[in-house]
Amino acid sequence: MSTPQLFIDTDPGVDDALAILMAHAHAEVLGLSIAAGNVGLAHTVRNARTLVDLVGGATPVFAGCPSPLVRLPEEDAAFVHGRDGLGDVGFSEPESRVADEHAALALLRLTRERPGEITLVALAPLTNLALALKLDPTLPRRVKRLVVMGGAVTGHGNTGRVPAEFNVGFDPEAAHIVFEGFPDFDLVDWELTLRHAFDESEFDEWLATGDRRAAFFGRVFQVARNTNRERGRRGIIAADALAMAVAIDPTVVKRSERRHVGVELDGRLTRGATVVDWGDRLKLPARANVVLELDQAKFAGMVRRALGAS
C-alpha cells in the first residue's frame with residue numbers, strides 16, 4: 001500500500017492530538033488546517049504548532065475560520081479538553097509558525113497541485129471545508145477521499161442537544177454544505193468511537209512503554225479521561241484517532257453501509273443532528289459511507305505505533 005497523502009482539518013483538542021501523531025507515524029502530512037471548535041482558534045492554532053514541534057517535522061499550519069458560518073456556537077468542549085485544549089498542561093510557546101495562507105485557500109491550492117492524490121481528513125467542525133466548497137464547488141473532483149469524524153447516526157450524541165454530535169452541532173450549516181457537496185465520503189460517527197474504546201489498563205501499558213509522544217499524550221489526556229469517567233463513559237475513547245485509522249488504511253473498515261445523511265438545521269431540540277435515511281425513504285443520493293465496525297486489533301496497532309509503543 002502506498003503512503004497516504006493527508007491534509008488534516010482539525011481543532012486540537014486532545015483526541016485530535018492522538019490522530020495527528022498517528023498521521024505523522026503512518027502517512028505524509030501535507031498540512032494542518034485549523035478551525036475553532038474544541039476551544040477557540042487562538043488555542044487550536046497554538047496547539048497545532050505544539051504538535052508539529054513534537055513530531056519534529058515541518059508540517060505547515062494554516063489558520064482557518066474563528067467561528068461557524070452562520071450562528072455563534074452554543075458551547076465548546078473546554079470542559080473535556082481543558083481551557084487551552086491540551087489539558088491545561090501549560091506548554092511553552094511553540095517554535096513552529098503559522099503559514100501566511102488561509103486554511104480554505106491552502107486546501108484549494110494543494111488539491112490543484114496534486115489532483116486525485118490527497119485524502120482529506122476532517123476532524124473538526126466543517127467550517128473550513130464548507131468555505132472552500134463555496135469558493136470552488138469543483139473541489140470534490142480533486143480529492144481522492146474525504147473522511148469525516150462527525151455525527152451520531154442513531155441520535156446518541158454528546159452535546160447539550162440530545163441527538164447532536166459536537167463537530168456537526170458546532171456548525172450545522174457547514175456540515176450540511178459538505179454532506180451535500182461531496183458525492184462520496186466516509187463518515188466515522190461518535191457512536192462508533194464508543195463501541196471501539198480501548199481497555200484502560202491496556203492503554204496505560206502503551207503509555208508506559210512508549211516514547212516521548214506517549215509521555216506527551218499521557219499528560220494532555222488527563223482532563224479528558226477524568227471527564228469521561230465522571231460521565232460514565234467506559235474505556236479510552238479516541239474519536240479522531242478512529243477517523244484517522246480509516247483515512248490511513250481503508251482496510252481497517254470491517255462493515256459499513258452507504259446511506260443518505262442529512263443535517264437538521266432548524267429543530268429546537270434537534271439542531272445539529274445527523275439524520276440517516278436507513279430505509280431509503282427519501283430517495284436521495286446515498287453519499288455517505290457510514291462506518292459501522294472496525295478491525296480493533298489493527299486500529300490498536302496503529303495507535304501503538306503512533307505512541308512509540310510497538
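Residues numbered from 1 in each chain as written. Predicted model: local features only at pLDDT ≥ 70, side-chain atom pairs only at ≥ 80, totals over all residues. Heavy atoms only, no water.

**Q** How should the overall build of the protein chain be read in this particular structure?
**A** Counting secondary structure elements, the protein chain contains 14 helices and 10 strands. The C-alpha atoms of the protein chain give 18 Å as radius of gyration, which agrees with the globular expectation for 310 residues (19 Å, within 12%). Dimensions of the protein chain, computed from C-alpha atoms along their principal axes, come out at roughly 50 × 45 × 40 Å. For the protein chain, buried positions account for 59% of its 310 residues. Carbon and sulfur atoms make up 50% of the accessible area of the protein chain, which totals about 12600 Å². For the protein chain, the separation between the mean place of its 35 positive charges and that of its 42 negative charges on side chains is 2 Å. (Helix = DSSP H or I, 4+ residues; strand = E, 2+ residues; numbered from the N terminus. Rg over C-alpha atoms; globule rule 2.2 N^0.38 Å. Buried < 20%, exposed > 50% of the residue type's maximum accessible area, 1.4 Å probe, protein only. Areas by Shrake-Rupley, 256 points an atom, 1.4 Å probe, with all protein chains shown as cover. Lys, Arg positive; Asp, Glu negative; His and termini not counted. Charge placed at Lys NZ, Arg CZ, Asp CG, Glu CD.)

**Q** Explain the side chain of Arg161 to me, please; I cannot follow it from the model alone.
**A** Within the secondary structure, Arg161 is located in the loop between strand 5 (143-149) and helix 7 (166-170). Given the relative accessible area of 11%, Arg161 is considered buried. Beyond its immediate chain neighbours, meaning those up to four positions away, Arg161 contacts Glu74, Gly169, Leu269 and Arg271. (Contact = heavy atoms within 4.5 Å.)

**Q** Would you take a moment to explain helix 10 (residues 200-209) for this structure?
**A** Working note: α-helix, 3.6 residues per turn, so residues spaced by three or four point in the same direction. Where helix 10 is concerned, the buried positions are Phe203, Trp206 and Leu207. Down the axis of helix 10, the smallest arc covering the buried residues is 100°, so these residues share one side. Residues of helix 10 that are exposed and point more than 90 degrees away from the buried face comprise Glu205, Ala208 and Thr209. Where helix 10 is buried, its residues meet helix 11 (212-220) and helix 14 (296-306). (Arc of directions from axis to C-beta.)

**Q** What is the right way to look at the packing of aromatic side chains in this model?
**A** Working definition: an aromatic ring pair is given by the centre-to-centre distance plus the angle between the planes. Scanning the model with the defined rule gives 11 aromatic pairs in all. Seen in terms of ring centroids, Phe91 and Phe216 are 5.0 Å apart; in terms of plane orientation they differ by 25°. Their pairing is stacked. One end of the pair, Phe91, is in the loop between helix 3 (78-81) and helix 4 (103-113); the other, Phe216, is in helix 11, with 125 residues separating them in the sequence. Residue classification places Phe91 among the partly exposed positions, given a relative accessible area of 22%. By relative accessible area, which is 7% here, Phe216 ends up buried. With a centroid separation of 6.1 Å and 70° between ring planes, the pair formed by Phe203 and Phe217 is classed as edge-to-face. One end of the pair, Phe203, is in helix 10; the other, Phe217, is in helix 11, with 14 residues separating them in the sequence. Judged by relative accessible area, Phe203 falls into the buried class, the value being 0%. A residue is classified by how much of its surface remains accessible, and Phe217, at 2% relative accessible area, is buried. Grouped by ring-pair contacts, the aromatic residues Phe198, Phe203, Trp206, Phe217, Phe221 and Phe299 constitute a single cluster. (Phe/Tyr/Trp six-rings, centres within 6.5 Å; stacked < 30°, edge-to-face > 60°.)

**Q** What's the story with the pattern of salt bridges in this structure? I'm lost.
**A** This structure, assessed with the given rule, holds 20 salt bridges. With a shortest N-O distance of 2.7 Å, Asp211 and Arg213 are connected by a salt bridge. Connected through shared salt-bridge partners, Glu200, Asp204, Arg225 and Arg229 make up one network. (Salt bridge = Lys/Arg side-chain N within 4 Å of Asp/Glu carboxyl O.)

**Q** Honestly, the environment of Val261 in this entry has me stumped. Any pointers?
**A** Relative to the helices and strands, Val261 resides in strand 8 (residues 261-263). Between the C-alpha atoms of Val261 and Val275, which are 14 residues apart in sequence, the distance is 5.5 Å.

**Q** What exactly am I supposed to notice about the side chain of His81 here?
**A** Within the secondary structure layout, His81 lies in helix 3. You can call His81 buried: its relative accessible area is 6%. Every residue in contact with His81, bar those within four places of it in the chain, is listed here: Gly13, Val14, Asp15, Asn38, Leu86, Gly87 and Val223.

**Q** Looking at this model, I keep getting lost on unusual backbone geometry. Mind explaining?
**A** As a rule of thumb, non-glycine residues mostly have phi less than zero, and peptide bonds are mostly trans rather than cis. Pro12 connects to Gly13 through a cis peptide bond whose omega is -10°. Mapped onto the secondary structure, Gly13 falls in the loop between strand 1 (5-10) and helix 1 (14-26). Here Lys283, not a glycine, exhibits a phi torsion of approximately 55°, which is positive. With respect to the element layout, Lys283 can be found in the loop between strand 9 (274-276) and strand 10 (288-294).

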